[in-house]
Amino acid sequence: MVGAKVSIVTHKVQTTRARIRGVAIEGDSQIVFVDTPGLFKPRRRLDRAMVAAAWGGAADADVVVLLVEAHRGLTEGVGRILDGLQDIGKGRPVALAINKIDRVKAEVLLALSAKLNERYPFVETFMISAEKGHGVADLRAWLAGKMPEGPWLYPEDQIADLPLRMIAAEMTREKLTLRLHQELPYQLTVETENWEERKDGSARVDQLIYVARDGHKGIVLGKKGETIKAVSQAARAELEEFLGRKVHLFLQVKVRPNWLEEAERYSEMGLDFRDGN
Ligand SMILES: Nc1nc2c(ncn2[C@@H]2O[C@H](COP(=O)(O)OP(=O)(O)OP(=O)(O)O)[C@@H](O)[C@H]2O)c(=O)[nH]1
Ligand SMILES: [Mg+2]
């Protein structure tokens, strides 16, 4: 939608933790996309803060697009979101976008669209494949037409609104999530501790990976440090590509049993600690 990767993506659920803004220009409209965490049944403080950020993102927006996965359909979770929309949808257009249409047959898609539209009066329905790019331009054009009139909120060349240190931390978290299994990605967080601009134009970036248990530290490091090395290389390459210059990335793993209950960890992630109550 914005022409560059501004929010990390993995095959694992609950990858997005906070609200991430991406900016696109379409004709004379500027569209500010707010990628929110998904809506799921929260168990932990972090989960509750994520779900609160998702509903908050919708409540603050001029237009809401509900993304439903074509192959999963109208699940219990989607049902709960449809109920919640009764309230959040008041006073703003709500569209439906069925994503991942490349994974299902046309009949399935039409039936799902009809079922969802029975449950909520969406002003428009889009069938898209974000991965293949199908239908994405139509959705963007429609959104541009729905933007309220007013001055642009961002400079013309800005595509993301997240501090660089946070973008860099998210890149490392993505690589960790891709490499680590089961619950581990949900038990860690990454923070950029230090960012130093060097005279030669490169940047030195120091990051801390907080894990909850001693055993997790060993897993993140891997045999002979292989895992952390691979993560570091992949994250550095992506950051270099993003910045267009050389980066020296230093990762350190810290055991912090209580990090999921520490307010400072939440503000570093861009979440509200109190929402987790
Ligand atoms: N086949 C197919 N896969 C897709 C499509 N869009 C996204 N994916 C894949 O689905 C996986 C999860 O991505 P999304 O569902 O977009 O992630 P999300 O909704 O941001 O989920 P969280 O951040 O975890 O809440 C990734 O591996 C994507 O590459 C699509 O149109 N078709
Ligand atoms: Mg996401």
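Preceding this paragraph is the structure being described.
The notes below deal with the structure included here. (Residues numbered from 1 in each chain as written. Chains lettered and ligands numbered in written order. Predicted model: local features only at pLDDT ≥ 70, side-chain atom pairs only at ≥ 80, totals over all residues. Heavy atoms only, no water.)

Looking now at the overall build of the protein chain. In terms of regular secondary structure, the protein chain is built from eight helices and nine strands. Taking 277 residues into account, the globule formula puts the C-alpha radius of gyration at 19 Å, and the protein chain, at 20 Å, falls close to it. With the principal axes as the frame, the protein chain shows a C-alpha extent of 55 × 40 × 40 Å. Taking all 277 residues of the protein chain together, 45% fall into the buried category. If you average the places of the 41 positive and of the 40 negative side-chain charges in the protein chain, the two averages end up 7 Å apart. (Helix = DSSP H or I, 4+ residues; strand = E, 2+ residues; numbered from the N terminus. Rg over C-alpha atoms; globule rule 2.2 N^0.38 Å. Buried < 20%, exposed > 50% of the residue type's maximum accessible area, 1.4 Å probe, protein only. Lys, Arg positive; Asp, Glu negative; His and termini not counted. Charge placed at Lys NZ, Arg CZ, Asp CG, Glu CD.)

This brings us to the nonpolar core. Formed by 27 residues in total, the largest nonpolar core has its most connected members in L176, L188, I209, V220 and L239. When residues of this core are traced back to their parent elements, those giving at least two are α5 (164-179), β7 (188-197), β8 (203-211), α7 (226-243) and β9 (247-255). Setting aside residues up to four positions removed in sequence, L188 forms contacts with R17, R173, L176, L180, Y210, V211, V220 and W259. Counting 19 residues, the second largest nonpolar core, distinct from the first, contains V64, I81, L96 and L109. (Core = buried A, V, L, I, M, F, W, Y, C linked by side-chain atoms within 4.5 Å. Contact = heavy atoms within 4.5 Å.)

Think of two packed helices as two axes; the pair is described by the angle between the axes and how far apart they sit. Running from N to C, α5 and α7 cross one another at 140°; their axes reach a closest spacing of 9 Å. On the basis of the axis angle, α5 is oblique to α7. Note that α5 runs across α7; the crossing there is right-handed. Between α5 and α7, the contacting residues are L164, I167, A168, M171, T172, E174, K175, L176 and R179 on the first element and T227, A230, V231, A234, A235, E238, L239, F242 and L243 on the second. (Axes fitted to C-alpha atoms, helices over the stretch in contact; angles between N-to-C directions. Parallel < 35°, antiparallel > 145°, perpendicular 65-115°, else oblique. Left-handed = near helix turned anticlockwise from the far one by under 90°.)

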